Structure formats: C-alpha cells, structure tokens
Amino acid sequence: MDGQWSAKAGQEYMQTNLSQYSEANNNMIELVICNNDNMAEGVISALQAVGYNTGEEGSKTIPVFGVDATDSAQSLIAQGAMAGTVKQDAVGMAKAIRGMVENAAAGTPMADGIAAVAATDEIYSVAEGVANKLYVAYAAFTGAE
C-alpha cells in the first residue's frame, strides 16, 4: 500500500503499521518520512490516537517528516507534533524551466547557459557530466527559522 498523497491514506497506513509494530511487541517504529505533508498529517493523526506526538511536554514522540512546508505542517511543527518538512523551491524551478524553454525556442541546447545562472543565483545546478538534468535546491523547515 502506498500513501496515495492523502492524509486519509497516510493515517490508515500508519494505523495498520501500529497494529504490527508497537512498544508491547518490542519493535516500535522510530521514524516516519512521508512523500508529502498531507500523508505526514495522517500519520500524526494515527500516532496521536495512540498517545504519541501530542506536542505536550513529556509525551512520547516519533519524528515525522514531510515535504511541501504547507501551512498546516508548519503549524504541526510549531505544536511539537511534527519534526520537520522540506520546502520545494518553486521560484528556482520556474527559473530553471523558463531558461530551458527560452533555449529550446531559440534552437539552442536546453541546458545552455543554465550553469552560468546557477552560479549567480545559487538556485539550481546542472548535474555534472549530464546535460539533461538540473537540481533545484530544497530547504529544510523545522520551525527554527
């Protein structure tokens, strides 16, 4: 089963896992990494239903991480229920795509000049030795910013 990018699926998947992995069975889950914040929210709901990640001082917490830095994830981080998330750089992605489209429209190789922009903007970089891949930076969000 996969998380299907939804809180509901994340919650159901975590509930299933918690029925198999628990402190009572001496094999408790220690960390959860989700592909997006919606799934992380579902995981946290399932954990809170069994007394974990309540955000209360002294409560047991399993670190849960997501991706997207949504407002609700940032709120869960502030409450102490979620450990962190990753913010995708939409501006950097847009600049990289714009540069490639402009190159394609001009009839030049799509990655031409991208490395020069990357060096000045520090937004994205060309994969060394690979002309058709760009890496756009992500930023960690743990609420400490």
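Asker: I'm lost on the pairing of strand β2 (residues 64-67) in this one. Help?
Answerer: When a strand is regular, its side chains alternate between the sheet's two faces. Strand direction decides the pairing type here: strand β1 (residues 32-33) and β2, joined by 2 bridges, are parallel. By the bridge assignment for β2, I33 is matched with F65. Note that the unit made of β1, helix α2 (residues 37-49) and β2 has a crossover that is right-handed. One ladder, built from 3 bridges, connects β2 with strand β3 (residues 84-88); its direction is parallel. Note on β3: the bridge partner recorded for V67 is V86. After leaving β2, the chain enters helix α3 (residues 71-79) and then returns to the sheet as β3, a path that is right-handed.

Asker: Can you help me understand unusual backbone geometry in this one?
Answerer: Leaving glycine aside, a negative phi is the common case for residues, and trans is the common case for peptide bonds. Its identity as a non-glycine residue notwithstanding, N26 has a phi of 60°, on the positive side. Residue N26 is classed as exposed on the basis of its relative accessible area of 73%. Even without glycine at this site, N53 takes up a positive phi of about 50°.

Asker: What's the story with the environment of P63 in this structure? I'm lost.
Answerer: As for its position among the elements, P63 is in the loop between α2 and β2. By relative accessible area, which is 29% here, P63 ends up partly exposed. Considering only alpha carbons, one finds P63 and M82, 19 residues apart in sequence, at a separation of 6.4 Å. In this structure P63 touches E30, L31, V32 and A83, once residues within four positions along its chain are discounted.

Asker: Hey, could you run me through the packing of helix α1 (residues 7-20) against α2 in this one?
Answerer: Between two packed helices, both the angle of their axes relative to each other and the distance between the axes serve to describe the pair. Look at α1 against α2: their axes get within 7 Å of each other, and the N-to-C directions meet at 40°. Here α2 runs oblique to α1, going by the angle between their axes. Along this stretch, α1 crosses α2, giving a crossing that reads as right-handed. Here A7, G10, Q11, M14, Q15 and L18 of α1 come into contact with α2, specifically with N38, M39, G42, V43, S45, A46 and L47. For the contact of α1 with α2, the class distribution of residues is 7 nonpolar, 6 polar and no charged.

Asker: Got a minute to help me understand helix α4 (residues 90-106) in this structure?
Answerer: Given 3.6 residues per helical turn, the α-helix brings residues three or four places apart onto the same face. Between the first and last C-alpha of α4 there are 24 Å, a value that for 17 residues agrees with the 24 Å anticipated at 1.5 Å per step. Along α4, the residues that are buried comprise G92, A96, G99 and N103. Viewed along the axis of α4, the buried residues span an arc of 65°, placing them on a single side of the element. Looking at α4, the residues exposed on the side facing more than 90 degrees away from the buried face are A90, V91, V101 and A105. Immediately beyond the C-terminal end of α4, within one or two residues, lies G107, with a positive phi of roughly 80°.

Asker: Explain the sheet that holds strand β6 (residues 138-141) here, please?
Answerer: Paired through their backbone hydrogen bonds, the strands of a sheet run either parallel or antiparallel. What the 4 strands build is an open sheet, ordered β1-β2-β3-β6; its pairing is mixed. Either end of the sheet is taken by a strand with one partner, and the two such strands are β1 and β6. In this sheet, β6 lies alongside β3 in antiparallel orientation, the contact comprising 4 bridges. Across the sheet, the residue bridging to T85 is F141, located in β6. Most of the contacts of α2 go to β2, to which it runs at about 155°, and overall it touches β1, β2 and β3.

Quick notes on the rules
- Residues numbered from 1 in each chain as written.
- Predicted model: local features only at pLDDT ≥ 70, side-chain atom pairs only at ≥ 80, totals over all residues.
- Heavy atoms only, no water.
- Pairing = 2+ DSSP bridges.
- Helix = DSSP H or I, 4+ residues; strand = E, 2+ residues; numbered from the N terminus.
- Right-handed = clockwise from strand over helix to strand, strands pointing away.
- Buried < 20%, exposed > 50% of the residue type's maximum accessible area, 1.4 Å probe, protein only.
- Contact = heavy atoms within 4.5 Å.
- Axes fitted to C-alpha atoms, helices over the stretch in contact; angles between N-to-C directions.
- Parallel < 35°, antiparallel > 145°, perpendicular 65-115°, else oblique.
- Left-handed = near helix turned anticlockwise from the far one by under 90°.
- Nonpolar A, V, L, I, M, F, W, Y, C, P; charged D, E, K, R; others polar.
- Expected span 1.5 Å × (residues − 1).
- Arc of directions from axis to C-beta.

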